[in-house]
Amino acid sequence: MIGELHYQPAAHWNLFVKGAVEKASLRKVEAFRNYRTSYTYQAAVQWFPDLTQDARLSLAYVGKSVKYKDGCGLEDYNNNRIELSLIYRIKVY
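Residues numbered from 1 in each chain as written. Predicted model: local features only at pLDDT ≥ 70, side-chain atom pairs only at ≥ 80, totals over all residues. Heavy atoms only, no water.

**Focus: the environment of Gln-53**
No. 1: Checked against the element boundaries, Gln-53 lands in the loop between β3 (36-47) and β4 (55-68).
No. 2: Residue Gln-53 is classed as partly exposed on the basis of its relative accessible area of 36%.
No. 3: With 39 residues separating them in the primary sequence, Gln-53 and Asn-14 have C-alpha atoms 15 Å apart.
No. 4: Polar contacts involving the side chain of Gln-53 include one to the side chain of Tyr-88, which spans 2.9 Å. (Helix = DSSP H or I, 4+ residues; strand = E, 2+ residues; numbered from the N terminus. Buried < 20%, exposed > 50% of the residue type's maximum accessible area, 1.4 Å probe, protein only. Polar contact = N/O pair within 3.5 Å; in protein donor to acceptor, adjacent residues only side chain to side chain.)

**Focus: the sheet that holds β4**
No. 1: The five strands lie next to each other as β1-β2-β3-β4-β5, forming an open sheet whose pairing is antiparallel. In this open sheet, the two edge strands, each paired with only one partner strand, are β1 (2-10) and β5 (77-88). With strand direction ignored, the average angle separating the axes of adjacent strands in the sheet is 10 degrees.
No. 2: Relative to β5, β4 is paired through twelve bridges, and the arrangement is antiparallel. (Pairing = 2+ DSSP bridges. Axes fitted to C-alpha atoms, helices over the stretch in contact; angles between N-to-C directions.)

**Remarks on the environment of Trp-13**
No. 1: Inspection of the secondary structure puts Trp-13 in strand β2 (residues 13-24).
No. 2: A sequence separation of 56 residues divides Trp-13 from Lys-69, and the C-alpha atoms of the two residues are 41 Å apart.
No. 3: Filtering out sequence-adjacent residues up to four positions away, Trp-13 remains in contact with Gln-8, Val-45, Gln-46, Trp-47 and Phe-48. (Contact = heavy atoms within 4.5 Å.)

**Brief notes about the confidence of the model for the chain**
No. 1: Of all residues in the chain, 100% attain a pLDDT of 70 or more, and the chain-wide mean is 90.
No. 2: At the level of individual helices and strands, the chain shows its lowest average pLDDT in β1, which scores 93, and its highest in β3, which scores 95. (pLDDT = per-residue confidence, 0-100.)

**Points about the packing of aromatic side chains**
No. 1: Across all of its chains, the model carries three aromatic pairs by this definition.
No. 2: A centroid spacing of 6.3 Å and a plane angle of 20 degrees characterise the contact between Tyr-41 and Tyr-61, whose relative ring orientation is stacked. Highlighted residues: Tyr-41 in strand β3 and Tyr-61 in strand β4, separated in sequence by 20 residues. (Phe/Tyr/Trp six-rings, centres within 6.5 Å; stacked < 30°, edge-to-face > 60°.)

**Observations regarding the nonpolar core**
No. 1: With five residues, the main nonpolar core is built from Ala-24, Tyr-35, Val-66, Tyr-68 and Cys-72.
No. 2: Among residues more than four places away in sequence, those in contact with Ala-24 are Asn-34, Tyr-35 and Arg-36. (Core = buried A, V, L, I, M, F, W, Y, C linked by side-chain atoms within 4.5 Å.)

**Comments concerning a nonpolar patch on the surface**
No. 1: Taken together, the side chains of Tyr-7, Trp-13, Leu-15, Val-45, Trp-47, Leu-57, Leu-59, Tyr-61, Ile-82, Leu-84 and Leu-86 make up a nonpolar region of the molecular surface, amounting to roughly 1,100 Å² of accessible area.
No. 2: Secondary-structure elements contributing two or more residues to the nonpolar patch are β2, β3, β4 and β5.
No. 3: Along the chain, the position of Leu-57 falls in strand β4. (Patch = residues over 30% accessible without salt bridge, like charges linked within 9 Å, V, L, I, M, F, W, Y side chains within 5 Å. Areas by Shrake-Rupley, 256 points an atom, 1.4 Å probe, with all protein chains shown as cover. Salt bridge = Lys/Arg side-chain N within 4 Å of Asp/Glu carboxyl O.)

Quick look at the structure:
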């Protein structure tokens, strides 16, 4: 399941959040039935310096959390990071 929400409070600003949940299972092995649940999340603020160009400066928080069922022998883990990016699309005709 994936969900995404965008909100633009002003012409030069965009806020968005995105989240996803994924479940994994192996039906033939009882120890791995519904053994993994994965959560992915992202929140960002984007600024458009010039509305006539396709350019944006973005600051985002991105993360992923994976939880395993007890007894399957795998360890839970989390990955989180903060990203600062400049995106500019060059128009080619």
